[in-house]
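# Breakdown of the fold
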Amino acid sequence: WRGPMSVSVFRRPRDDGVPSVADAVAAEDECLRRHADFHEVQLSSAALRRMAARQHVPGADTNNASDMFTHYPFNVQRNAALDGATGEWVFLVDVDFVLAPAESARERVFSRRFHELREKHPDLFPSDDRTVAVVPAVETVSSSVAAPTTFAALQSSLDDKSVCAFYGHYCTTCHRPSMVDRYASMATATQQQVNNKATPYLVQYRDGYEPYVVAARSTLPRYDERFVGRGWDKMSFFYELNAMGRKFVVLPPPMPFLVHSGRGDMPTNHTREYMERQRDNVMLMHNFKAAVDRRYRADEIAASAREKERIVQSVRVDEDEATAAMREALKPSTTVPEWTESRPEDAQKHKPVASDTASTPETRPAPGDGTSRQLIDWGSISSSRGGGHAGVAA
């Protein structure tokens, strides 16, 4: 990528001997050295003291993957990269991905095609710039499998199962909603069309969705920096975007796709600290969702509460009407006059008199004959949220 880049890197305490992590990274790559602004993130003294009390310092762990999953401040890095981006439109992507197909001047072609799609499809990209444009991401089943570099190779790799949606081997919501198969089929068709009529398509957000996207920087929320280590850090960001009412639209071919070589990394040695961090992040995500819902969905929640109350009242009215009808149906059908104390010889004068429409006393339901009814009292209805991360200016 030979365009402006804003790259954040985490500097571990054990790397203090290196004058600048950014300089060390840039020295290895001319493209980064010429086009990237680096933003170093390191732990504060207070954070180091807290971690020393737990007898752990990031970077000192022999299991580096577990160390990263447990202690890296990914969201702090993402915010640092966003703050350092120079353009309004940013491409949010992890540093270990490659764009394909590789075209000459890809950064200028990417930007031009993206803005052409925005102009051509105002229904999907309204003028408020609140649509989130998704760039599909795939992974190879192992690092030894050749990554697809063309649209035809992508389709072939999906067909033979050597490639799938990123994290698709264990996460059903992380990237699968992008519908990579649909994207690939459009790519194959597009190759046969000179005029490139492929249309962006809207996808449904699902809890856990965390795509790589192009978005207007001024319309984005902050990444929640309370999430530390792997787990729910990026999911929380997209949960909030969805709560804000954003639409997720996949950019069609010939817009490129992202490729990750090998399976998305997950820890294999679950240390005690890693499990504790996962527990903390689960609780944090629960509280985060509740706060986001209160902030952005107050009207929706209130409307839902009013609808539930309407249903409850309707049930109560129906219950009252049914109860009244049942009681009416169970009334004795014979009118028995009130008896007064009298002499035996007056008994003949006080015999029961049947009404014009009543049945005889013998037809009245008797207790225990299967005609009794039990009235049910209804209860109320109740109802129970990699390493460096680059913000690249599109």
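Structural notes, computed from the coordinates. (Residues numbered from 1 in each chain as written. Predicted model: local features only at pLDDT ≥ 70, side-chain atom pairs only at ≥ 80, totals over all residues. Heavy atoms only, no water.)

## Here's the deal with the overall build of the protein
In terms of helices and strands, the protein carries 11 helices and 12 strands. Within the protein, the proportion of its 394 residues that are buried is 44%. In the form shown here, the protein has an accessible surface area of approximately 22,100 Å², with 51% of it arising from carbon and sulfur atoms. (Helix = DSSP H or I, 4+ residues; strand = E, 2+ residues; numbered from the N terminus. Buried < 20%, exposed > 50% of the residue type's maximum accessible area, 1.4 Å probe, protein only. Areas by Shrake-Rupley, 256 points an atom, 1.4 Å probe, with all protein chains shown as cover.)

## Looking at the packing of helix H5 (residues 74-84) against helix H9 (residues 233-243)
Interhelical geometry of H5 versus H9 gives an angle of 55° and a closest axis separation of 9 Å. Between H5 and H9, the angle is such that the two are oblique. Residue-level contacts link Phe74, Asn75 and Arg78 of H5 to Asp233, Lys234 and Ser236 of H9. (Axes fitted to C-alpha atoms, helices over the stretch in contact; angles between N-to-C directions. Parallel < 35°, antiparallel > 145°, perpendicular 65-115°, else oblique. Contact = heavy atoms within 4.5 Å.)

## What to know about the environment of Ala100
For Ala100, the position within the fold is in strand E4 (residues 98-100). We classify Ala100 as buried; its relative accessible area is 4%. Discounting chain neighbours no more than four positions away, the residues touching Ala100 are Pro148, Thr149, Pro256, Phe257 and Val259.

## Here we look at the sheet that holds strand E11 (residues 257-260)
If you trace the four strands from one edge of the open sheet to the other, you get E4-E11-E6-E7, paired in mixed fashion. Two strands close off the open sheet at either side, each with one partner strand: E4 and strand E7 (163-165). With strand direction ignored, the average angle separating the axes of adjacent strands in the sheet is 35°. One ladder, built from three bridges, connects strand E6 (residues 137-140) with E7; its direction is antiparallel. Residue pairing across strands places Glu139 opposite Cys164, the latter belonging to E7. (Pairing = 2+ DSSP bridges.)

## Description of the nonpolar core
Counting residues in each nonpolar core, the largest one holds 74 residues, and the members touching the most others are Phe91, Phe248 and Leu258. With six residues, the top contributor of residues to this core is H9. Discounting chain neighbours no more than four positions away, the residues touching Leu258 are Phe91, Val93, Phe97, Val98, Leu99, Val135, Pro136, Ala137, Val138 and Tyr212. Membership of the second largest hydrophobic core comes to eight residues, among which are Phe10, Tyr72, Phe74 and Ala80. (Core = buried A, V, L, I, M, F, W, Y, C linked by side-chain atoms within 4.5 Å.)

## Examining the pairing of E11
Successive side chains on a regular strand alternate, one facing one side of the sheet and the next facing the other. Taking every second residue as pointing to the same face, both faces of E11 are buried, with Phe257 and Val259 on one and Leu258 and His260 on the other. Summarising the sheet, E4 and E11 pair through three bridges and their orientation is antiparallel. Within E11, the position partnered with Leu99 by the bridge is Leu258. Bridging between E6 and E11 involves three bridges; their strand directions are parallel. Each residue of the ladder has a partner; that of Glu139, found in E11, is His260.

## Some words on the environment of Phe227
Counting through the fold element by element, Phe227 comes out in the loop between strand E9 (212-216) and H9. Through-space distance from the C-alpha of Phe227 to that of Gln278 is 10.0 Å; in sequence the pair is 51 residues apart. Sequence-distant contacts of Phe227, defined by excluding residues within four places in its chain, comprise Asn75, Trp232, Asp233, Ser236, Asn281, Leu284, Met285 and Phe288.

## A look at the pattern of salt bridges
Side chains carrying opposite charge are able to pair once their charged atoms draw close together. Within the structure shown, the criterion is met by 14 salt bridges. As a salt-bridge pair, Arg295 and Glu240 come within 3.9 Å of each other at their nearest N and O atoms. Here Arg295 is found in helix H10 (residues 272-296), whereas its partner Glu240 is found in helix H9, with 55 residues between them in sequence. (Salt bridge = Lys/Arg side-chain N within 4 Å of Asp/Glu carboxyl O.)

## Some points on the packing of aromatic side chains
In this description, an aromatic ring pair is defined by two values, namely the gap between the centres and the angle between the planes. Under the definition given, this model contains 22 aromatic pairs. Between Phe91 and Phe110, the aromatic rings sit 5.4 Å apart at their centres with planes inclined by 15°, giving stacked as the arrangement. Of this pair, Phe91 sits in strand E3 (residues 89-94) while Phe110 sits in helix H6 (residues 106-120), placing them 19 residues apart in sequence. In this pair, the class of Phe91 matches that of Phe110, namely buried. When the ring of Phe166 is compared with that of Tyr167, the centres are 4.3 Å apart and the planes differ by 25°; the resulting orientation is stacked. When sorted by exposure, Phe166 lands in the same class as Tyr167, which is buried. The structure contains a cluster of three or more aromatic residues connected by ring pairs, namely Tyr205, Tyr209, Tyr223, Phe237, Phe238 and Phe248. (Phe/Tyr/Trp six-rings, centres within 6.5 Å; stacked < 30°, edge-to-face > 60°.)

## Brief notes about the environment of Gly262
By secondary structure assignment, the location of Gly262 is in the loop between E11 and H10. Judged by relative accessible area, Gly262 falls into the buried class, the value being 5%. Residues Gly262 and Val138, 124 residues apart in the sequence, show an inter-C-alpha distance of 9.7 Å. Every residue in contact with Gly262, bar those within four places of it in the chain, is listed here: Glu139, Thr140, Ser142 and Ser143.

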